[in-house]
Every structure is written in structure tokens, then in C-alpha cells.
Amino acid sequence: MYLYDLLLNNEEMLKILFTVVVGLSCFIIVLKTNRLFRLSDHQGIRYFRNAFFFYGLAFVFRYLFLRISNFATQIIFEFFIIMAGFFLLYSLIWKKFETQEKASYSSLFNIRILLFYVLVGILAFLDYMWASYCFMFGSQIILFAYASIISYLNYKKSSGRGFTKLYFIVMLLNLIIWIANFATARYLGWYQPIVVGVYALNIIIFLIFLYGVVSLTRK
């Protein structure tokens, strides 16, 4: 309770705690999944890895540069955060566009991903021009709704074994948190107690991903 009151009354401390926990979680996830990809050569894993590379960039960049340029920070932060969501989705559907034997040489720079970059850049720029976050919220809600459906089908197909259950839970949590983010920004004006709750839920999601990845790499 004391920690909650402390964070509630100290926005800067809340931002620092969030950035450190999420940034460190993303760093460990990227290292662990990169090692797993090199061992297995599974293409879905490297797109999953890219998602957390972009998540880490997004939150660390926003904290470090928000005071310098609001224009650049909003566009770049949105670009990183939306792109991370696209990579998470692509890690689920990559087999529809490429095969394990004919995978793209680079998971960061290929024709399909470059198209994502262009699309995401347009969405981020439109949000800045209209002084809103509607395109970011809308794209992520649609994306995680789709990802939740796919991960649920994968979970049922695997009879609830392995990483699929955890993946489904986290995709669903991501969907819920993006809806909560949108509702908070749209109707509650970032009411402080709710903001603390949203930060806490974000941290929990990243820690769940970290737990899953560490457990998987140990096996």
C-alpha cells in the first residue's frame, strides 16, 4: 500500500520503475530468444525476438527523449510500439508468407517487413498530425484481437501444452490493456490511480513473457 501511494504521488518514480523493469525484461527476452533461434532456426522465434527488441526501444526511447522533442518522440515511440505489435502477430502467422526452408535472410529488412515499416510510419505520422493516439490504439486493438484468436486456436490444437497456453493468455491480456489504455485516454483523461494500474498490468505482461521465455530456454 505504501509503494502504491508513493508511486501515485510520484509520477517520475513510476516512469523510472516502469522503464527499468520493462527495458530489462525486453533485454533478457531478446538475448534468450536469440539464443533459442540460433539453436532451433525457428523463424517464428526470431520475429518474436524482434517484437521485444522494438518494445524495449519504444519505452527506453520515450523516457530518455520525451523532454527533448515531443514531435520526434511521439512519432518514433508510436513507430516502435506499433511495429512491436506487428512483429508479435507476424510471429504467429509467418508460415502463411514464408517457409522454414525459404525464410527471408533478414527478419528486420525484407519486403514484407518494409511494407509494415511504411504502414506503421504513416499511422504514427497521422496520429501526430491529428494530435491523437487513435491510430495507435485502433491498430493495436485490432491486431491483438486477431492475435488472441490465432493463439487460442493454436492452444486448442496443441491440447493446452507448452508455450501456447501462456501465449494465448498474454495476447488476451494485451488486448485488454490496449482497450483499457484507449478508454482511459478517451474518457478518463489519464486518471492517476487508473494510470498506475495500467502501468502495473503492463509490467505483469512483460514479466509473464519473461517467465515463459526463461522457462522455455531452460528446457
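Residues numbered from 1 in each chain as written. Predicted model: local features only at pLDDT ≥ 70, side-chain atom pairs only at ≥ 80, totals over all residues. Heavy atoms only, no water.

Chemist: Explain the overall build of the protein to me, please; I cannot follow it from the model alone.
Modeler: Secondary structure summary: the protein contains 8 helices and 0 strands in total. Each helix and strand of the protein, placed in order from N terminus to C terminus, yields the pattern α-α-α-α-α-α-α-α. The proportion of buried residues among the 219 residues of the protein is 44%. A sequence separation of at least 24 residues applies to 72% of the contacts in the protein between residues at least 6 apart. In the structure as shown, the protein presents an accessible area of about 12000 Å², 70% of it carried by carbon and sulfur atoms. (Helix = DSSP H or I, 4+ residues; strand = E, 2+ residues; numbered from the N terminus. Buried < 20%, exposed > 50% of the residue type's maximum accessible area, 1.4 Å probe, protein only. Contact = heavy atoms within 4.5 Å. Areas by Shrake-Rupley, 256 points an atom, 1.4 Å probe, with all protein chains shown as cover.)

Chemist: Honestly, the layout of surface pockets in this entry has me stumped. Any pointers?
Modeler: Over the atoms a probe the size of a water molecule is rolled, and this reveals where empty space is left. Put simply, the second largest pocket is a space of about 540 Å³. Surrounding the second largest pocket, 22 residues form its lining, His42, Ser91, Leu92, Asn154 and Tyr167 being those nearest its centre. Among the secondary structure elements, those contributing two or more residues to the lining of the second largest pocket are α2 (11-40), α3 (43-65), α4 (70-93), α6 (134-157), α7 (163-188) and α8 (192-218). Taken together, the residues of the lining of the second largest pocket sort by class into 11 nonpolar, 8 polar and 3 charged. (1 Å grid on protein atoms, 1.4 Å probe; cavity = no way out; pocket = protein on both sides within 12 Å on 5 of 7 lines; lining within 4 Å. Points joined across faces, edges and corners; volume = space filled by probe spheres on them. Nonpolar A, V, L, I, M, F, W, Y, C, P; charged D, E, K, R; others polar.)

Chemist: It is not clear to me how α6 should be interpreted in this structure. Could you clarify?
Modeler: Quick reminder: α-helices carry 3.6 residues per turn. Residues three or four places apart thus point the same way. The end-to-end C-alpha distance of α6, which contains 24 residues, comes to 34 Å, matching closely the 34 Å that a straight helix rising 1.5 Å per residue would cover. For α6, the full list of buried residues reads Met136, Phe137, Ser139, Gln140, Leu143, Phe144, Ala147, Ser148, Ile150 and Ser151. (Expected span 1.5 Å × (residues − 1).)

Chemist: Help me understand the environment of isoleucine 29 in this model?
Modeler: Mapped onto the secondary structure, isoleucine 29 falls in helix α2. Put simply, isoleucine 29 and glycine 56 are 27 residues apart on the chain and 9.9 Å apart in space, counted from C-alpha to C-alpha. Those residues within four positions of isoleucine 29 in sequence are excluded, and the remaining contacts are Phe48, Phe52, Phe206, Phe209, Leu210 and Val213.

Chemist: Just checking my understanding: could you explain the side chain of glutamine 74 for this structure?
Modeler: Mapping glutamine 74 onto the fold places it in helix α4. Residue glutamine 74 is classed as buried on the basis of its relative accessible area, which comes to 11%. Among the polar contacts made by the side chain of glutamine 74, one reaches the main-chain carbonyl oxygen of serine 132 at a distance of 3.4 Å. With residues up to four places along the chain from it excluded, the contact list for glutamine 74 reads Asp127, Tyr128, Ser132 and Tyr133. (Polar contact = N/O pair within 3.5 Å; in protein donor to acceptor, adjacent residues only side chain to side chain.)

The values are spatial; any link to function lies outside them.
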